[in-house]
Amino acid sequence: MDTETDEHRLAVVGAGVMGVGITTLALLRGLPVLLVDVDEPVLERARDQIAGELRMAQLMGRLAADTATGPLTTATTLAGAADATLVIEATTEDLGVKAKVLAEVSALTRPGTPLVSNTSSIPIDELAGVAQRPGEVVGTHFMNPPYLIRTVEVIRGVRTAEATMESLAATLAALGQEPIVVKDAPGFVTSRVLHPMINDAARIVQEGTAGVEAVDTLMENCLGHRTGPLRTADLIGIDNLVDSLQVLFERTGDEGCRPCDLLLEKVRQGHHGRKSGRGFYTYTH
Ligand code: NAD
């Protein structure tokens, strides 16, 4: 083991879109990762996806030829997280699910281990309340895919301790990420701005004002949005986007955050975006 490896041992909980992305980023930087999910078939798929992402990162020149990737371990229980120097929770955007995971992790880990939630919208202080040491709970909002987007929103809860912020900053530096620290609020900065905007874009399609491609092309070519709001919805996962909008709507009362019928219909049909092969667009891989 080298110094870096000794210094940072990550446990990532949840092996969906973001768990896979964050794990790939850490492995690319040579850090060891324990990836936990309740579902063994999900972990099997995650291992394949990570191998594919690592190959892709290598092709894109994101991994120097002389850099060894970190070792990956997977598990269906949280026990191994006891050895982690930092735990990142990336489970479904549901307060109950996250609270249960964080309470359990908090009982296992050594005092001083940051418990990081990658929630899109749930206020960090709501999550801190379930931990044995609320000062250890902090938010990150890695963007998808994390190894290509170097800036990460960091959310400091009212109870987040200075030592937690310092320890998180050291791990983010090892991951090559640039943190932008913001205060706690529903949706923080990026989801509070982006998710209602995507909801509006979907509503425009629902009302027949323009088609999916027209909306994305206008937003890309006229307003400089990198991937268009509806392609972005597919990349995020429409089920996750709806969960996040629901969190925002319940906590802000902002009607613009109430998920529109078209998004709800796509979730009902299982058209969750890129991860399910179909959302606003169709994907072959
Ligand atoms: P996802 O639905 O793709 O994956 C969630 C995973 O959590 C699933 O594999 C599920 O099996 C697992 N899970 C559920 N309960 C669990 C438990 N008790 N223990 C362990 N694993 C459990 O979701 P995602 O898109 O990866 O999002 C994860 C988190 O990151 C959410 O809070 C989301 O809002 C946030 N986020 C998502 C994006 C994005 O672009 N998708 C971006 C930033 C933040």
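Residues numbered from 1 in each chain as written. Predicted model: local features only at pLDDT ≥ 70, side-chain atom pairs only at ≥ 80, totals over all residues. Heavy atoms only, no water.

(A) Representation of the site of the ligand. With respect to spatial proximity, 25 residues lie near the ligand, and among them Asp-37, Glu-93, Lys-98, Ser-120 and Ile-236 are the closest. Taking Asp-37, its side chain carries an N or O atom lying 2.7 Å from an oxygen atom of the ligand. Contacts to the ligand include Asn-118, whose backbone N or O atom sits 3.2 Å from an oxygen atom. Calculation on the ligand without its partners gives an accessible area of 830 Å², and the protein chains cover 86% of this total. Broken down by secondary-structure element, the contributors of at least two residues to the shell around the ligand are α2 (17–28) and α4 (95–108). Element by element, the count of residues in the shell around the ligand is highest for α4, at three residues. Classifying every residue of the shell around the ligand gives eleven nonpolar, ten polar and four charged. Looking at the shell around the ligand, you find at least three residues from each of domain 1 (3–183) and domain 2 (191–275). (Near = heavy atom within 4 Å. Polar contact = N/O pair within 3.5 Å; in protein donor to acceptor, adjacent residues only side chain to side chain. Areas by Shrake-Rupley, 256 points an atom, 1.4 Å probe, with all protein chains shown as cover. Helix = DSSP H or I, 4+ residues; strand = E, 2+ residues; numbered from the N terminus. Nonpolar A, V, L, I, M, F, W, Y, C, P; charged D, E, K, R; others polar. Domains from an automatic or database assignment.)

(B) Up close: the packing of α2 against helix α3 (residues 40–59). The interhelical angle for the contact between α2 and α3, taken along N-to-C directions, is 50°, at an axis separation of 10 Å. As the angle between them shows, α2 and α3 are arranged oblique. Judged by the sense of rotation from one axis to the other, the crossing of α2 with α3 is right-handed. Seen from α2, the contacting residues are Val-20, Thr-23, Thr-24, Leu-27 and Leu-28; seen from α3, they are Ala-46, Gln-49, Ile-50, Glu-53, Leu-54 and Ala-57. Of the residues assigned to the contact of α2 with α3, the class counts are seven nonpolar, three polar and one charged. (Axes fitted to C-alpha atoms, helices over the stretch in contact; angles between N-to-C directions. Parallel < 35°, antiparallel > 145°, perpendicular 65-115°, else oblique. Left-handed = near helix turned anticlockwise from the far one by under 90°. Contact = heavy atoms within 4.5 Å.)

(C) Looking closely at the domain arrangement of the protein. Domains assigned within the protein are domain 1 (3–183) and domain 2 (191–275). Placing a centre on the C-alpha atoms of domain 1 and another on those of domain 2 gives a separation of 26 Å. In this assembly, eleven residues from domain 1 lie in contact with eleven residues from domain 2. In total, domain 1 and domain 2 occlude about 870 Å² of area from one another, counting both sides; carbon and sulfur atoms represent 52% of this. In this assembly, domain 1 and domain 2 are joined by one salt bridge. Measuring nitrogen to oxygen at the nearest pair gives 2.8 Å for the salt bridge that ties Arg-251 to Glu-126. (Buried area = accessible area lost by both parts, 1.4 Å probe. Salt bridge = Lys/Arg side-chain N within 4 Å of Asp/Glu carboxyl O.)

(D) Examining unusual backbone geometry more closely. In the segment running from Asn-144 into Pro-145, the intervening peptide bond is cis, with an omega of -5°. Within the secondary structure, Pro-145 sits in the loop between β6 (137–141) and β7 (151–156). For Phe-188, which is not glycine, the phi dihedral falls at a positive 55°. Structurally, Phe-188 can be placed in the loop between β8 (178–183) and α7 (190–206). Since its relative accessible area comes to 7%, Phe-188 is described here as buried. (Buried < 20%, exposed > 50% of the residue type's maximum accessible area, 1.4 Å probe, protein only.)

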